[in-house]
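# Coordinate inspection notes
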Amino acid sequence: MILNEDQLAIRDLARRFARDRLAPDYQAREAAGVMDRKLIREMGDLGLLGADLPEKFGGLGVPGVTAGVIAEELAFGDFNISAVPVGVSLLGAILMGSATPAIAEQWVPRMISGEALMGICVTEPSGGSDAANLKLRCRRAGEFYVLNGEKTSITFADSADAFIVFARTGSPDSGAAGITAMIVSADTPGIARTRFDDVGSRIIGRGSVFFEDVRVPIENRLGAENQGFTHVMRGFDYSRALIALQCVGCAQASLDEAWEYTTTRTTFGVPIAQYQGVTFPLVEGESLLAAVRQLSYHALALRYAGQPHTAEVAMVKWLGPKTAFDVIHQCLLTFGHYGWSKDLPHQQRLRDVMGLEIGDGTAGIMKLIVARERVGRVAVQYTKR
Ligand SMILES: Cc1cc2nc3c(=O)[nH]c(=O)nc-3n(C[C@H](O)[C@H](O)[C@H](O)COP(=O)(O)OP(=O)(O)OC[C@H]3O[C@@H](n4cnc5c(N)ncnc54)[C@H](O)[C@@H]3O)c2cc1C
């Protein structure tokens with residue numbers, strides 16, 4: 001992807017921020033396990049959140065490719081912090097496309113400035129892959145919806161100021177055609193939240209959100225009743241490409257450090273850079289990351305041009321996290337016993353990128369999407385036993 005001058009300027013800004021402000025405390029932040037809201041506001045002040053959203057809401061109105069550049073650069077310094085701009089871009093776009101102007105005005109500028117964090121509640125204890133089968137109960141009571149049930153595995157569960165919630169307004173067997181999406185303020189009475197003890201990405205505070213007779217004004221609905229799923233889920237084609245770029249940025253950090261190490265570490269009297277057994281796996285990593293990076297930016301460019309891109313984003317959503325994991329693993333080994341210590345960040349990066357082999361859709365589901373794009377719905381129709 002050849003970046004223009006504006007994109008290069010934003011890349012340099014994000015790169016400086018990632019290296020100076022994020023990288024030095026990446027592991028300390030994760031050990032503390034708390035999202036640093038002051039840091040998020042700093043990113044908002046710099047224009048690094050929701051840069052692709054319109055200027056009238058406080059964004060920069062730049063193309064999605066530029067949002068990808070920001071995600072990649074920030075992830076180089078702190079993979080987990082880079083989840084914030086990705087969330088703002090995804091959820092901000094959903095709100096602008098589906099919320100009333102008043103609701104969009106209430107939330108989007110505060111997300112872009114870094115004052116408000118928003119989560120999205122799709123997954124339930126009974127499953128995440130078969131999302132159209134979700135069950136969160138929702139009944140109408142005058143000018144309100146009333147929610148009861150549990151959403152689980154929700155990013156920012158314990159820190160979000162609001163959630164986009166998907167609930168069943170149709171009959172139990174209505175599938176995707178019976179789901180309504182709405183925005184629910186986190187301080188609404190009847191909401192309780194928990195936090196999981198995760199393998200990585202602890203600062204995003206994944207957990208469950210419980211709803212007990214939670215009353216949500218009708219005007220908080222996103223799109224039409226029963227049409228929340230098909231309408232809103234289209235946004236995921238965007239975030240999946242951004243996630244792949246987060247993974248690329250994170251793995252590139254390990255690769256750069258590994259290359260440097262090969263020139264300073266000596267064995268048998270020579271730098272280990274002289275052994276092709278050391279350098280070739282790193283070259284393979286560079287090659288795979290370059291391929292994922294280019295396909296991710298290509299997918300974002302296709303989206304911006306209004307051309308089909310669902311298969312491309314599904315490809316990079318499974319290939320990106322997996323490639324990043326494999327590359328970081330190889331880098332960790334390059335450092336020998338030092339790599340196996342928590343003093344170095346490779347183990348942290350490994351655990352962090354692994355989460356996105358699951359979050360936002362697993363590899364199995366991404367491959368189903370690609371197959372469906374190639375041969376149609378026959379690829380996803382099952383005979384139930
Ligand atoms: C870090 C992280 C962040 C997350 N953030 C959010 C969030 O903010 N909001 C939210 O709603 N959810 C979130 N999730 C949940 C995530 O979207 C789900 O975990 C995911 O969709 C898979 O659902 P599941 O865990 O219920 O697995 P299941 O659906 O039970 O699947 C179990 C396994 O079976 C495989 N599988 C299932 N069906 C098929 C099939 N048809 N073909 C092939 N393989 C199949 C899956 O790939 C998986 O390996 C997050 C998860 C993680 C790890």
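Our subject is the structure listed above.
None of the values given here were measured: they were computed from a predicted structure. (Residues numbered from 1 in each chain as written. Predicted model: local features only at pLDDT ≥ 70, side-chain atom pairs only at ≥ 80, totals over all residues. Heavy atoms only, no water.)

With that settled, the discussion passes to the overall build of the chain. When helices and strands are counted, the chain shows twelve helices and ten strands. Rg of the C-alpha trace for the chain: 21 Å, near the compact-globule value of 21 Å for 385 residues, within the 12% margin. Dimensions of the chain along its principal axes, counting C-alpha atoms only, are 80 × 50 × 40 Å. In the chain, which comprises 385 residues, the share counted as buried stands at 50%. Sequence-distant contacts, at least 24 apart, represent 73% of the contacts inside the chain between residues at least 6 apart. Accessible area of the chain: about 17200 Å², with a carbon and sulfur share of 55%. (Helix = DSSP H or I, 4+ residues; strand = E, 2+ residues; numbered from the N terminus. Rg over C-alpha atoms; globule rule 2.2 N^0.38 Å. Buried < 20%, exposed > 50% of the residue type's maximum accessible area, 1.4 Å probe, protein only. Contact = heavy atoms within 4.5 Å. Areas by Shrake-Rupley, 256 points an atom, 1.4 Å probe, with all protein chains shown as cover.)

Another point: the site of the ligand. Around the ligand, a shell composed of 19 residues is seen, among which Thr 123, Gly 128, Ser 129, Ser 153 and Thr 362 lie nearest. Within the contact set of the ligand, an oxygen atom lies 2.5 Å away from a side-chain nitrogen or oxygen of Thr 362. The protein chains hide 63% of the 970 Å² of surface that the ligand would expose on its own. Taken together, the elements giving at least two residues each to the shell around the ligand come down to strand 1 (118-121), strand 3 (144-154) and helix 12 (363-375). (Near = heavy atom within 4 Å. Polar contact = N/O pair within 3.5 Å; in protein donor to acceptor, adjacent residues only side chain to side chain.)

As a further point, take the packing of aromatic side chains. Tallying each qualifying case throughout the model produces one aromatic pair. Between Tyr 261 and Phe 335 the ring centres are 4.4 Å apart and the planes differ by 20°, which places this aromatic pair in the stacked class. Residue Tyr 261 is located in helix 8 (residues 236-264), and its partner Phe 335 is located in the loop between helix 10 (310-334) and helix 11 (346-355); the two are separated by 74 residues in the primary sequence. The buried category is assigned to Tyr 261, whose relative accessible area is 13%. (Phe/Tyr/Trp six-rings, centres within 6.5 Å; stacked < 30°, edge-to-face > 60°.)

The nonpolar side chains of soluble globular proteins are, as a tendency, buried together. In terms of nonpolar packing, the biggest core is built from 72 residues, with Leu 95, Leu 147 and Phe 166 touching the most fellow members. Beyond its immediate stretch of four places on either side in the chain, Leu 95 contacts Ala 104, Trp 107, Val 108, Met 111, Met 118, Ile 164, Ile 183 and Leu 222. (Core = buried A, V, L, I, M, F, W, Y, C linked by side-chain atoms within 4.5 Å.)

In this section: the pattern of salt bridges. One pass over the structure, following the stated rule, counts 16 salt bridges. Taking the shortest distance from any N to any O, the salt bridge between Glu 42 and Arg 21 comes out at 2.7 Å. Remark: Arg 21 occurs in helix 1 (residues 5-22) and Glu 42 occurs in helix 3 (residues 37-46); sequence separation between them is 21 residues. The shortest N-O distance in the salt bridge between Asp 78 and Arg 29 comes to 2.9 Å. On the criterion of sequence distance, the pair formed by Asp 78 in the loop between helix 4 (64-77) and helix 5 (83-98) and Arg 29 in helix 2 (residues 26-32) is long-range, its members being 49 residues apart. Residue Asp 78 shares its accessibility class with Arg 29, and that shared class is buried. Residues participating in the shared-partner salt-bridge network are Arg 15, Arg 19 and Glu 73. (Salt bridge = Lys/Arg side-chain N within 4 Å of Asp/Glu carboxyl O.)

Another aspect to go through is the environment of Gln 7. Relative to the helices and strands, Gln 7 resides in helix 1. With relative accessibility at 9%, the residue Gln 7 sits in the buried group. Note: C-alpha distance between Gln 7 and Arg 21 (14 residues apart in sequence) is 20 Å. Engagement of the side chain of Gln 7 in a polar contact is seen with the side chain of Thr 66, the distance being 3.2 Å.

For the coordinates displayed, the defined rule picks out zero disulfides. Distance from the sulfur of Cys 138, which forms no disulfide, to the nearest cysteine sulfur (Cys 121) is 13 Å. Taking the relative accessible area as the measure of exposure, Cys 138 reaches 12% and is therefore buried. Sulfur of Cys 247: no disulfide; nearest cysteine sulfur belongs to Cys 250 and is 7.3 Å away. (Disulfide = S-S within 2.5 Å.)

With seven of its seven residues buried, strand 4 (residues 162-168) lies for the most part within the structure. Taking every second residue as pointing to the same face, both faces of strand 4 are buried, with Ala 162, Ile 164, Phe 166 and Arg 168 on one and Phe 163, Val 165 and Ala 167 on the other. As paired strands, strand 1 and strand 4 are joined by four bridges and run parallel to one another. Residue Met 118 lies in a different strand from strand 4, and its bridge partner there is Ala 162. (Pairing = 2+ DSSP bridges.)

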